[in-house]
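Examining the three-dimensional arrangement
Residues per chain are reported as follows:
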Amino acid sequence: MSTTVPPGKTSAAIPGPAGSPLLGSMLELRRGALDLFLDARRDYGDVVRFTAGPPGLRKEIYAVFSAEGAQQVLATEATNFRKDSRFYQEVRATAGNNLLTSQDAVYQRQRRLLQPLFTRRRVDSYAAEIAEETQALLTAWRNAPDDTVELVEDMSRLTQRITVRILFGADFEAALDVVARCFPVVGDYIQRRSYSFVSVPRTWPTPMNRRAAAATEELYSVCDRVIEKRRAQADASAAEDMITLLVQAQNAEDGKLDASEVRDQALVFLLAGTETTSTSLAMALHLLARHPEAQERAREEVRRVLGTRAPVSSDLDELPYLSWVFKEAMRLYPAGAFVTRNAVAATEIDGYTIPAGAEVLVSPWVTQRHPRYWDEPERFDPERFTPEREKARHRYAWFPFGGGPRACIGRHLSMLESVMALALILRQYELDAVDEHVPVTYGVTLRTETPVRCRLRPA
């Protein structure tokens, strides 16, 4: 949607760091984008222009940090901001045209076909698998050396097992090894190409291209084998794992997904269901380990609701404080710290006109620390998410699941998985933080730079 350019508020008037004459802010973006964007909001305001790259290859990035601006980009003017950025191009080249990367009519068709797979009733049916996998982790923790565990590694393994089990069902053990070996290679490859100013063609036989191609082919193969098996079983409806549901998904308007479309959706579910949830879950435990009063309040809630029985999906509504804990962890450590789009037409945001064709970035990492919406934003305070305080706050002051027509379809699954895992862990163990300060960085998702260890004590 084109807008009238306000006098003095053209793109040239948008403030931002000058950077170096040769590279602009390229080095700062690579070394520490999280701190760079926080500082930029403080120093320049809610719309900031960055230049990065050498002359001739330089690009401009327009960062929007207000909740109001995020709402424009993701919701009210979402049709003007497309997923054409370098990141989505690289994900699309690896994982196909799936629910994360597709656009326009293709996206609408996929969303209609997949929405029934993510209804609350359907997602709640995975509660038993979530509880069983979490209990297996707790059993393994009994043998932890010095009663100390590393949260990021263990939560990554837990969420990976849960996601692969939900996706592949009876075939999940066979798929798990391939996913565990290959997904880190593919994720690193997407990250490197997304943030490189010059990327060689994927067809060139460089060591990185060859490693990524081999890992991608293994992932394709394991998905294709299970999809072929499920398509042969589709009429019998013998299983209800997610690949079976994807194979069976159809309606009169949109038909069915073909085998390659099923594989593309499976790959993006693996990406979204492991890296994102694991980081937030690990940091929620870390924050509770550093705040014993909040940890004990959460544990008391769990004991009151669960007693000694296994949790079920309906318990999610009965554990409000634990849900607030996880939401606060996602506020401070959103797995998707940045969301990029490309502007179709010139658009006015917060008094400035962002030009057509510009790369636009909104940031849960920055907006969820914005002092306009959050008092003492660096302080851990789960009670920020009481119903009354949530209602009083701008809808896009907190958006770790995105928003608008492209909001994350798996939000309820992420919340169910995380709150159930937290409940089982807290019921069995008290956690003491070993590592107080945990620096984080950003790749495809938010990542910790150091171990996140805690010491276990029987609760």
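Before reading further, recall that the structure is shown in the block above.
This one's a predicted model, so the numbers in the text were calculated from it and none came from an experiment. Residues take numbers from 1 onward in each chain, read along the sequence in its written order. Under the rules for a predicted model, residues below a pLDDT of 70 receive no local features and side-chain atom pairs below 80 are neither given nor counted, while totals for whole chains, interfaces and linings still include all residues. As a rule here, side-chain values cover all heavy atoms of the structure and leave hydrogens and water aside.

**With respect to the overall build of the protein chain**
Put simply, DSSP H or I for four residues or longer makes a helix, DSSP E for two residues or longer makes a strand, and each gets a number counted from the N terminus. The helix and strand tally for the protein chain stands at 16 helices and 14 strands. Judged by the C-alpha coordinates and their principal axes, the protein chain covers about 65 × 55 × 45 Å. The contact rule is simple, with two residues in contact once any of their heavy atoms fall within 4.5 Å. Here the analysis covers contacts within the protein chain between residues at least 6 apart in sequence; of these, 73% occur between residues at least 24 apart. Using the Shrake-Rupley algorithm and a 1.4 Å probe, accessible areas are obtained, with residue cover drawn only from the displayed protein chains. A total of about 19,700 Å² of accessible surface is found on the protein chain, and carbon and sulfur atoms cover 52% of it.

**A few points about the packing of aromatic side chains**
Aromatic rings from Phe, Tyr and Trp, taking only the six-membered ring of Trp, are treated as a pair when their centres fall within 6.5 Å; an angle between ring planes under 30 degrees marks them as stacked, one over 60 as edge-to-face, and anything in between as tilted. A full pass over the atoms with the stated rule returns 12 aromatic pairs. Plain terms: the ring middles of Phe 87 and Tyr 88 are 5.2 Å apart, the flat faces sit at 70° to each other, and that makes the pair edge-to-face. For the pair Phe 87 and Tyr 88, one class covers both residues: buried. By the criterion adopted, a ring carries a charge over it if an Arg CZ or a Lys NZ lies within 6 Å of its centre and within 35 degrees of its normal. If you follow Arg 331 out to its NZ or CZ, it ends over the ring of Trp 374, 5.0 Å from the centre. Note that Arg 393 overlies the ring of Phe 385, its terminal NZ or CZ placed 5.1 Å from the centroid. Only protein chains enter the accessibility calculation, which uses a 1.4 Å probe. A residue is then buried if its area is under 20% of the maximum for its type, exposed if over 50%, and partly exposed in between.

**Side note on the side chain of His 370**
The topology assignment puts His 370 in the loop between helix H14 (364-367) and helix H15 (387-392). Here Asp 46 takes part through its side chain, which lies 2.9 Å from a polar atom of the side chain of His 370. Excluding its chain neighbours within four sequence positions, the residues that come into contact with His 370 are Arg 41, Asp 46 and Phe 65. Between N or O atoms, a polar contact is any pair within 3.5 Å; within protein, one atom must be a potential hydrogen donor and the other a potential acceptor, and residues adjacent in sequence are included only when both atoms are from side chains.

**Some details on the sheet that holds strand E7 (residues 339-343)**
Here we have 5 strands laid out as an open sheet, ordered E1-E2-E10-E7-E3, and mixed in their pairing. Of all the strands in the sheet, the pair left with one neighbour each is strand E1 (47-52) and strand E3 (81-82). A pair of strands is labelled paired if DSSP reports no fewer than 2 bridges between them. Both E3 and E7 contribute to a ladder of 2 bridges, which runs antiparallel. Paired with Arg 82 across the strands is Asn 342, a residue of E7. Packed onto the sheet, helix H1 (residues 26-44) meets E1, strand E2 (59-64) and strand E10 (359-362) and runs at close to 155° relative to E1. Only the contacting stretch of a helix is used when fitting its axis, a line to C-alpha atoms as for every element, and angles between N-to-C directions run 0 to 180 degrees.

**As for the nonpolar core**
Take the buried residues of types Ala, Val, Leu, Ile, Met, Phe, Trp, Tyr and Cys, join any two whose side-chain atoms come within 4.5 Å, and each joined set is a nonpolar core. Formed by 151 residues in total, the largest nonpolar core has its most connected members in Phe 37, Trp 141, Met 155, Phe 168, Met 242, Leu 322 and Trp 365. Looking at this core, the element that brings in the most residues is helix H11 (residues 259-290), giving 15 residues. The contact partners of Trp 141, leaving out residues within four places of it in the chain, are Val 149, Leu 151, Asp 154, Met 155, Ile 425, Tyr 429 and Leu 456.

**Describing the pairing of E7**
Extensive coverage of E7 is indicated by the burial of 5 of its 5 residues. Taking every second residue as pointing to the same face, both faces of E7 are buried, with Val 339, Arg 341 and Ala 343 on one and Thr 340 and Asn 342 on the other.

**Considering helix H12 (residues 292-306)**
The first and last C-alpha atoms of H12 sit 20 Å apart over 15 residues, in line with the 21 Å expected at 1.5 Å per residue. Where H12 is concerned, the buried positions are Ala 294, Gln 295, Ala 298, Arg 299, Glu 301, Val 302, Val 305 and Leu 306. On an axial view of H12, the arc spanned by its buried residues comes to 160°, and they lie on one face. Those residues of H12 that are exposed and aimed more than 90 degrees away from the buried face are Pro 292, Glu 293 and Arg 304. Those residues of H12 hidden inside the fold are in contact with H11, helix H13 (320-332), helix H16 (411-428) and strand E11 (429-433). Directly after H12, the chain includes Gly 307, whose backbone phi takes a positive value near 60°. Helix span is expected to be 1.5 Å times the residue number reduced by one. It is the directions from the helix axis to the C-beta atoms that the arc portrays.

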